[in-house]
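Single-letter residue listing:
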Amino acid sequence: MFFKFISSILLVIFFATYSFACTDPQVTSKSFTTQDATIVAHIGFISEFTVKCSSGDVSSLYAELGDNSIVPVAIIEKNHYQVSWTEDSKTARKGQYRIKIFNEEGYAAIRKALRANEPTSTVPEFFSVIVNYPGAYNGPWLRSECLAMIISVLVSYYAISTKAKIVS
Amino acid sequence: MLKKLLVVLTVLTVGLGVEEKSGESQGARLLVSKQILNRYLVEGKDIEVRYSIHNIGKAPAINVQLTDNGFNSDAFEIVGGHTSSSFARIPPESNFSHVVVVRPNKYGYFNFTRSEVVYRISDTPNAKTRKAYSSEPGEGGIVAFRDFDKKFSAHYWDWLAFALMTSPSLVIPLALWYKSKSTYEKLNKPAKKH
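Definitions and cut-offs
- Residues numbered from 1 in each chain as written.
- Chains lettered and ligands numbered in written order.
- Predicted model: local features only at pLDDT ≥ 70, side-chain atom pairs only at ≥ 80, totals over all residues.
- Heavy atoms only, no water.
- Helix = DSSP H or I, 4+ residues; strand = E, 2+ residues; numbered from the N terminus.
- Contact = heavy atoms within 4.5 Å.
- Areas by Shrake-Rupley, 256 points an atom, 1.4 Å probe, with all protein chains shown as cover.
- Pairing = 2+ DSSP bridges.
- Axes fitted to C-alpha atoms, helices over the stretch in contact; angles between N-to-C directions.
- Expected span 1.5 Å × (residues − 1).
- Buried < 20%, exposed > 50% of the residue type's maximum accessible area, 1.4 Å probe, protein only.
- 1 Å grid on protein atoms, 1.4 Å probe; cavity = no way out; pocket = protein on both sides within 12 Å on 5 of 7 lines; lining within 4 Å.
- Points joined across faces, edges and corners; volume = space filled by probe spheres on them.
- Nonpolar A, V, L, I, M, F, W, Y, C, P; charged D, E, K, R; others polar.
- Polar contact = N/O pair within 3.5 Å; in protein donor to acceptor, adjacent residues only side chain to side chain.
- Buried area = accessible area lost by both parts, 1.4 Å probe.
- Salt bridge = Lys/Arg side-chain N within 4 Å of Asp/Glu carboxyl O.
- UniProt positions renumbered as here; feature names shortened; annotations may be inferred.
- Domains from an automatic or database assignment.
- pLDDT = per-residue confidence, 0-100.
- Patch = residues over 30% accessible without salt bridge, like charges linked within 9 Å, V, L, I, M, F, W, Y side chains within 5 Å.

## Topic: the overall build of chain B
At step 1: Along the backbone of chain B there are two helices and ten strands.
At step 2: In sequence order, the secondary structure elements of chain B are arranged as β-β-β-β-β-β-β-β-β-β-α-α.
At step 3: Taking the intrachain contacts of chain B between residues at least 6 apart in sequence as the baseline, contacts between residues at least 24 apart amount to 71%.
At step 4: Summed over its atoms, the accessible surface of chain B is roughly 11,300 Å², and 57% of this surface lies on carbon and sulfur atoms.

Here it is in structure tokens:
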């Protein structure tokens, strides 16, 4: 009996904290992507962001990645979060990636949409962050050996053609 | 050793506690694999570490703390992500990855050790806390940047030096020939006019 009483109090506290949901979130984000693809097989995408609410607290966050998978967002410290994933360096496209972030309610709505076989794109996101991938270095565009060979061929062509002109 | 591919695809389960109660087997169960995604490990260049976390249990894992103390600050600089993070809730039968990018300050052999994960096995208030460990990528040789550069850089400066060194043997005879050619042409020119 006593245990039930305690658990009901805990539940009340639980819902009371959740009722103060974050309103008007101010998000500042920075992103990191691997720049050198000569030594890694996968490009790592990391987005770090801080959320400031005008009132209330942030509930647990979830992110929708490019392959439509929903992943939990890592909490680094209070109001500081990280979303990260990897893509094959051959298939990763350059440009901006928009990552939708959902709060607890949004996540529940997505789960509901998935159960009903409805598209999840209609579920409004809490906010979104941008990860910019400018591309990675895949080695020199023209190998220096090739360049040296082209120059030597040009020089020898000039020499041989001039010699041929003189002899004739 | 250089070409040693360090992607270790072993997934090590570590639920150390023996599940005695039947209720406990219904709880969350996390498998964590720690992988190094590099082809080469090079001093001063990125090393990508990926933690793949799978919840194979029937309940969500609550308050998951993922900590990796393997990268100490005097040997590694963390350039992307955080080695210590937590997740409020990992739903059952789901998987995702957490990525950290570090740069080694030194070269030599380094033992990539396991990371640690602590979580509550369900969202009931009296749920047990479980501690687990990830797989170990093992030892990897970090190559000195000079050696890597010698092998893989574009060598533009080397070729430029080579071109400069070989140019006298080509340019001097060409200049001499051109000089004599132009003097003979000058001599010939007045004769042509008359």
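## A look at the sheet that holds strand S3 (residues 62-64) of chain A
All names here are of chain A.
At step 1: With antiparallel pairing, four strands are arranged side by side in an open sheet as S4-S3-S7-S8. At either end of the open sheet lies a strand with only one pairing partner, and these are strand S4 (70-72) and strand S8 (127-133). Taken pair by pair, the neighbouring strands of this sheet meet at an average axis angle of 30 degrees, ignoring direction.
At step 2: Alignment of strand S7 (residues 95-102) against S8, held across seven bridges, turns out to be antiparallel. Bridging across to S8, Ile101 finds its partner in Phe127.

## A few points about helix H2 (residues 104-115) of chain A
Residue and element names in this part refer to chain A.
At step 1: Taking 1.5 Å as the rise per residue, H2 with twelve residues should run 16 Å; its terminal C-alpha atoms sit 17 Å apart, in good agreement.
At step 2: Along H2, the residues that are buried comprise Glu104, Gly106, Tyr107, Ile110 and Ala113.
At step 3: The first or second residue beyond H2 is Asn117, which carries a positive phi of 60 degrees.

## A word on empty space enclosed by the protein
At step 1: Across all of its chains, the model carries two cavities of 30 Å³ or more by this definition.
At step 2: Considered as a void within the structure, the second largest cavity measures approximately 30 Å³ in volume.
At step 3: Along its surface, the second largest cavity is lined by Pro72, Ala74, Gln82, Val83 and Ser84 of chain A together with Phe87, Phe96, Ser97 and His98 of chain B.
At step 4: Residue assignment for the lining of the second largest cavity shows that the elements contributing at least two residues are strand S6 (80-88) of chain A together with strand S6 (94-104) of chain B.
At step 5: Of the residues assigned to the lining of the second largest cavity, the class counts are five nonpolar, four polar and no charged.

## A short note on the environment of Arg50 of chain B
At step 1: As for its placement among the helices and strands, Arg50 of chain B is situated in strand S2 (residues 47-55).
At step 2: For Arg50 of chain B, a relative accessible area of 16% translates into the label buried.
At step 3: Separated by 60 residues in the primary sequence, Arg50 of chain B and Phe110 of chain B place their C-alpha atoms 17 Å from one another.
At step 4: Non-local contacts of Arg50 of chain B, meaning those with residues more than four positions away in its chain, are made with Thr86 of chain A together with Ser33, Lys34, Gln35, Leu37, Ser97, His98 and Val99 of chain B.
At step 5: A polar atom in the side chain of Arg50 of chain B sits 2.7 Å from the side chain of Thr86 of chain A.

## Some remarks on the interface of chain A and chain B
At step 1: The interface of chain A with chain B comprises 41 residues on the first partner and 37 residues on the second.
At step 2: Buried area between chain A and chain B, summed over both chains or domains, comes out near 3,100 Å², and the portion from carbon and sulfur atoms is 61%.
At step 3: Linking chain A with chain B are one salt bridge, by the criterion used here.
At step 4: Notably, a salt bridge pairs Asp36 of chain A with Lys45 of chain B, separated by 2.7 Å at the nearest N-O pair.

## Some thoughts on the UniProt feature "transmembrane region" (unreviewed entry) in chain B
At step 1: The feature "transmembrane region" (unreviewed entry), as given by UniProt, occupies residues 156-178 of chain B in the numbering adopted here.
At step 2: For residues 156-178 of chain B, helix accounts for 100% and strand for 0%, while the C-alpha atoms at its two ends are 30 Å apart.

## Comments concerning the domain arrangement of chain A
At step 1: Taken domain by domain, chain A comprises domain 1 (23-137) and domain 2 (140-168).
At step 2: Centre-to-centre, using C-alpha coordinates, domain 1 of chain A lies 53 Å away from domain 2 of chain A.

## With respect to the confidence of the model for chain B
At step 1: Averaged over all residues, the pLDDT of chain B is 82; the fraction at 70 or higher stands at 85%.
At step 2: For this predicted complex, the interface confidence score (ipTM) comes to 0.76, while the overall pTM stands at 0.76.

## Description of the layout of surface pockets
At step 1: Taken as a whole, the second largest pocket encloses approximately 460 Å³ of empty space.
At step 2: If you trace the second largest pocket, you find 25 residues lining it, with Ser69, Ile70 and Val71 of chain A together with Asn95 and Phe96 of chain B closest to the centre.
At step 3: Of all the secondary-structure elements, those providing two or more residues to the lining of the second largest pocket are S4, S6 and H2 of chain A together with S6 of chain B.
At step 4: Broken down by class, the residue content of the lining of the second largest pocket amounts to twelve nonpolar, eight polar and five charged.

## Description of the pattern of salt bridges
Residues and elements named next belong to chain A.
At step 1: Summed over the entire model, instances satisfying the criterion amount to eight salt bridges over all chains.
At step 2: In this structure, Lys100 engages Glu64 in a salt bridge whose closest nitrogen and oxygen atoms are separated by 4.0 Å. Within this pair, whereas Lys100 is found in strand S7, its partner Glu64 is found in strand S3, the two being separated by 36 residues in sequence. For the pair Lys100 and Glu64, a shared accessibility class is recorded, and that class is buried.

## Here's the deal with the sheet that holds S6 of chain B
Residue and element names in this part refer to chain B.
At step 1: The four strands are arranged S1-S2-S6-S4 in an open sheet whose pairing can be described as antiparallel. A strand with exactly one partner marks an edge of an open sheet, and here the two such strands are strand S1 (30-36) and strand S4 (76-80). When strand polarity is set aside, the average angle formed by the axes of neighbouring strands in this sheet is 30 degrees.
At step 2: Bridging between S2 and S6 involves nine bridges; their strand directions are antiparallel. Counterpart to Ile53 in the pairing with S6 is Phe96.

## Re a nonpolar patch on the surface
At step 1: A contiguous nonpolar patch, built from Leu147, Ile151 and Val155 of chain A together with Tyr156, Leu170 and Val171 of chain B and spanning about 510 Å² of accessible area, is present on the exposed surface.
At step 2: Counting residues per element, the ones that place at least two in the nonpolar patch are helix H3 (144-167) of chain A together with helix H2 (156-193) of chain B.
At step 3: Examined against the element boundaries, Ile151 of chain A turns out to sit in helix H3.
At step 4: The partly exposed category is assigned to Ile151 of chain A, whose relative accessible area is 48%.

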